[in-house]
Each structure stands twice: as C-alpha cells, then as structure tokens.
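# Per-entry structural report
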Amino acid sequence: MPVNLKPHNTLSLTQSCETYVEVNSKQELTDAVTRVYKSASPMLILGGGSNVVFTTDFNGTVIKVLSKGINVTEHSDHYSVSVQAGENWHEFVQYCLQRGMHGLENMALIPGTVGAAPIQNVGAYGVEIEKFCHQVEYYDYTSETINVISALECQFGYRDSIFKHALRNKAVITEVVFKLPKKWIPNLDYGPLKHLEADDIGAKTIFETVCSVRQSKLPDPSKLGNVGSFFKNPIITAKQYVELLAEFSDLVGYAQSDGSIKIAAGWLIDEAGLKGFSIGKAAVHSQQALVLINLGGATGEDICMLAHTVMDRINEKFNIQLESEPRIIGSQGEVSI
Ligand SMILES: Cc1cc2nc3c(=O)[nH]c(=O)nc-3n(C[C@H](O)[C@H](O)[C@H](O)COP(=O)(O)OP(=O)(O)OC[C@H]3O[C@@H](n4cnc5c(N)ncnc54)[C@H](O)[C@@H]3O)c2cc1C
C-alpha cells in the first residue's frame, strides 16, 4: 500500500512511496537496509526529510531512521559523545548545552537527524560539524560490514563529504562520535553574533541568539514547507569576482584558503529580482531569497521548475551556475536537478 510522504519531508510534498519502514535501533536499521538492498528494490534512507525534494512518487522502500541513544565518556580535556543516527539534531545540541558540553550551540535549530548531519557537513553561524566530529560509524550494505572512519577520512568540505561521493549508495550512517573540548572558545565570527562580547558570553547566550535569529529569518517548515537554503553559495575565481565587482559594487565575497571567493547565492537571487517569484505553488521566499517555499499544494515538479528558472536567470545575469543543496529524489533514487 503506497504511503504518503507528506509528514516525512519538510517541503510537505505529497509524493508517496511503495513501502515505508521505521527502524528504532541500529540492528533494525542494518537488518532493514540489508533486506531491501538484497531485494533490489529502490531504497531511500530518510532522517527528518529536511534536505530532500521528492520530484515524483518513489517506487521503492523508504527507511526512516529513528534509532536513539547518546553515550558520554568524560576525558581529562574533552567529552566523547556517541550519538545514534536517529537522534534529532537540535535536541542533541540542547542535550549537550544542558550538560555543560559546549561547541555545537552555533548550529542550534538545524532540522533533521544526527545521522544525516555529516553527509553535507551541516553548518551555521560560522561552525560546521567537521569541527567537532571525531568519527562516523556507517554500515556498508554492499559488503555487510560496519566501518568507522575518522573526521579526516570523511573528507568534509563545504556542504560536502565522502558520503556524497565514494560512499554514496552504499553507506548508511549508524552513529556519530563527537569530541567536545572542555576548554570552550566561543565562535562569534558570524554576522548577528559579532556584537556579542567574547569575555562575558556563555554558550547559552549564543544558543539563544542563534535560535532567535533563525526563528526571525527562516520560515518554519511546519507552517510553510521548505528545505532551508535551496542553493549552495557559489565559489568563484578571484578574477571573476573582480569582474563582477566592477558591475555590482555591493557584491560581498568571502576569500577561501585556496584564493577562490565564496559569494552569497541569496544576494544573487535578490539582485536578479526573484524574491517572491513563483511557479505554480512554489515560490522564492519574499524575505529570504535563498529559500524556496511550498505555498500549499506545490508539486515536486513546481519546485524543480522554479529552481531551474532561478538557476537559468542567475547564469544569464552573472554567468554563475548555482547548485542545489537538497538531494533531489526521483522514482528510483537520487537524480540530478
Ligand atoms: C528550515 C531549515 C533550515 C536549515 N538550515 C540549515 C543550516 O543552517 N545548515 C545546514 O547545513 N543545513 C540546513 N538545513 C538542511 C538540513 O537541515 C540538513 O541537511 C540536515 O542535516 C538534513 O537532515 P535530515 O535528517 O532531515 O536528512 P534527510 O532530509 O532525511 O536526508 C538527506 C539526505 O541524507 C540521506 N540520509 C539521511 N540519513 C541518513 C543516514 N543515517 N545514513 C545515510 N544517509 C542518510 C538521505 O537519503 C538524503 O539523501 C535546513 C533545513 C531546513 C528545512
């Protein structure tokens, strides 16, 4: 019997899957994944559904990861925290804060699960998970083995990791181990946190500031379907940046360690006059140009057509190719937008 995926994706798209399975432990997760892989039916691992776009009905099995458990080991200078993949990310950040284990507070309120967080190296307000990720445990369903890799081996990059490349379509993340140093250094480098005073600030203040800024800026998916930022911030050459700057003097760029420049995709979309632009029931948010929203009843096709139009317009105006951040899911698995 097809199952409607609307409650399981934050864009509130009403596509269905053939079979829907919830797993509540690591063992249930590895068993289910092995079973579906061996059946040769298309399979989609799903956490909170906050980074997927269902373009059509999924002709296979969705495995929803709900495995729970957090285990803390105290060392002389840090805490080692092992977290099951199905734990909710924000609740985990709160858990750490309440126990005096600091570092993750800049990433408060990122929706989704702990298991999905390493895949795109989630980050916000100047901190990415790679800074505190120690190890990732995954189950390779092609070889039926449990493996543990270090943060270095995860090959973290901007919204990127090995799980999008060499381990794509073969690994399900079962557990993530974080290393949270006892000596806490606040990270106040980013926009709305800059005015806070490093000397007398606590992690709780950062947590609360991040939550309140996010709540004021980003649409709540329970009210207005969205997947957060729809496009990655493009990284361009210094030469192209200088050329664009001659035409668009307020284009802000952030120099990267290799000399390239990261620019804000939201700024490009805003400058192209696309805020509020809509196709069908999908629209560019009128305040947050980087966020595509479901106005109610949008189809995956509406969202993709809108995304394409935005990408085309940005390419025409700035000669920059935007890339989508969420994973685009077709009838058999992930597809390219
Ligand atoms: C309002 C809003 C704000 C957001 N803000 C941010 C932000 O500030 N920073 C940021 O980085 N992201 C942000 N995101 C994106 C999203 O929250 C993250 O990408 C998050 O990590 C996705 O988690 P999930 O559990 O919902 O993943 P899902 O959407 O369920 O899955 C995403 C992908 O990961 C795969 N996957 C999920 N779990 C596993 C697993 N255990 N093993 C293997 N593969 C798995 C899925 O198959 C899919 O391909 C935002 C999204 C929303 C809706």
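What you see is a predicted model; the values in this text were computed from it and never measured.

## Some details on the domain arrangement of the chain
- Domains assigned within the chain are domain 1 (3-65), domain 2 (70-217) and domain 3 (225-335).
- Each of domain 2 and domain 3 was reduced to a C-alpha centroid, and the two centroids are 25 Å apart.
- Each partner contributes to the interface: domain 2 provides 7 residues, whereas domain 3 provides 8 residues.
- The contact between domain 2 and domain 3 buries some 760 Å² in all, and 42% of this surface belongs to carbon and sulfur atoms.
- Broken down residue by residue, the surface that domain 2 buries against domain 3 is led by Tyr158, Arg168 and Lys217, which jointly contribute 60%.
- The partner of Arg168 in a salt bridge is Glu334, and the shortest N-O contact between them spans 3.2 Å.
- Viewed at the interface, domain 3 and domain 2 are joined by 3 residue pairs in polar contact (both at pLDDT 80 or more).

## A word on the pattern of salt bridges
- By the definition in use, this model includes 13 salt bridges.
- Glu128 is the partner of Arg159 in a salt bridge, and the nearest nitrogen-oxygen pair spans 4.0 Å. Placement of the pair is Arg159 in the loop between strand 11 (145-150) and strand 12 (171-181) and Glu128 in strand 9 (residues 127-128), with a sequence separation of 31 residues.
- For Arg159, a relative accessible area of 13% puts it in the buried group.
- The exposure class of Glu128 is partly exposed, given its relative accessible area of 23%.
- For the salt bridge of Glu208 with Lys204, the shortest nitrogen-to-oxygen distance reads 3.1 Å. A residue pair is termed a helical-turn pair when its members lie 3 or 4 positions apart in one helix, as Glu208 and Lys204 do in helix 3 (residues 203-217) at 4 residues.
- Through salt bridges with shared partners, one network takes in Lys26, Glu137 and Glu175.

## Some details on the site of the ligand
- Taken together, the neighbourhood of the ligand is formed by 33 residues, with Ile45, Gly47, Ser50, Asn51 and Thr113 sitting nearest.
- Asn51 has a polar backbone atom sitting 2.7 Å from an oxygen atom of the ligand.
- Residue Thr113 places a side-chain N or O atom 2.7 Å away from an oxygen atom belonging to the ligand.
- Protein chains shield 93% of the accessible area of the ligand, which is 990 Å² for the free molecule.
- Taken together, the elements giving at least two residues each to the shell around the ligand come down to strand 3 (43-46), strand 8 (123-124), strand 12 and strand 13 (225-229).
- In terms of residue class, the shell around the ligand is built from 16 nonpolar, 13 polar and 4 charged.

## Details of the sheet that holds strand 21 (residues 334-335)
- Taken in spatial order, the 3 strands of this open sheet run 4-20-21, and their pairing is mixed. Strands at the two margins of the open sheet, each flanked by one partner only, are strand 4 (52-54) and strand 21.
- Relative to strand 20 (residues 327-329), strand 4 runs parallel, the two being bridged by 3 bridges. From the neighbouring strand, Val52 faces strand 20, where its bridge partner is Arg327.

## As for the side chain of Gln120
- Looking at the element boundaries, Gln120 is found in the loop between helix 2 (89-98) and strand 8.
- Of the residues examined, Gln120 reaches a relative accessible area of 9% and is grouped as buried.
- Within the structure, Gln120 has its side chain in polar contact with the side chain of Glu325 (distance 3.2 Å).
- Beyond its immediate sequence surroundings of up to four residues, Gln120 is in contact with Asn51, Arg159, Asp160, Lys164 and Glu325.

Conventions we followed
Residue indices follow the written sequence of each chain, beginning from 1 at its first position. Whole-chain, interface and lining totals are the exception, using all residues; otherwise, since this is a predicted model, local features are given only for residues with pLDDT of at least 70 and side-chain atom pairs are given and counted only at 80 or more. The side-chain values count all of the structure's non-hydrogen atoms but skip hydrogen atoms and water molecules. All domain edges in this entry derive from an automatic or database-based domain assignment. Contacts between residues were defined by any pair of non-hydrogen atoms, one from each residue, lying within 4.5 Å. In this description, buried area is defined as the sum, over both parts, of the accessible area (probe of 1.4 Å) that is lost when the two are combined. Every case where a carboxyl oxygen of Asp or Glu lies within 4 Å of a side-chain nitrogen of Lys or Arg is listed as a salt bridge. Side-chain atoms alone can form a polar contact between residues adjacent in sequence; in general such a contact is a pair of N or O atoms within 3.5 Å, and within protein one must be able to donate a hydrogen while the other accepts it. Segments assigned H or I by DSSP are reported as helices when at least four residues long, segments assigned E as strands when at least two residues long, and all are numbered from the N terminus. When a residue's accessible area, from a 1.4 Å probe over protein chains only, is under 20% of the maximum for its type it is buried; when over 50% it is exposed; and in between it is partly exposed. Residues are counted as near a molecule or strand when any one of their heavy atoms sits within 4 Å of it. Surface accessibility in these figures is a Shrake-Rupley result with a 1.4 Å probe; residues are shielded only by whichever protein chains are displayed. Under the scheme applied here, ten amino acids are nonpolar (Ala, Val, Leu, Ile, Met, Phe, Trp, Tyr, Cys and Pro), four are charged (Asp, Glu, Lys and Arg), and all others, including Gly, are polar. In this analysis, strands are considered paired if DSSP registers two or more bridges between them.

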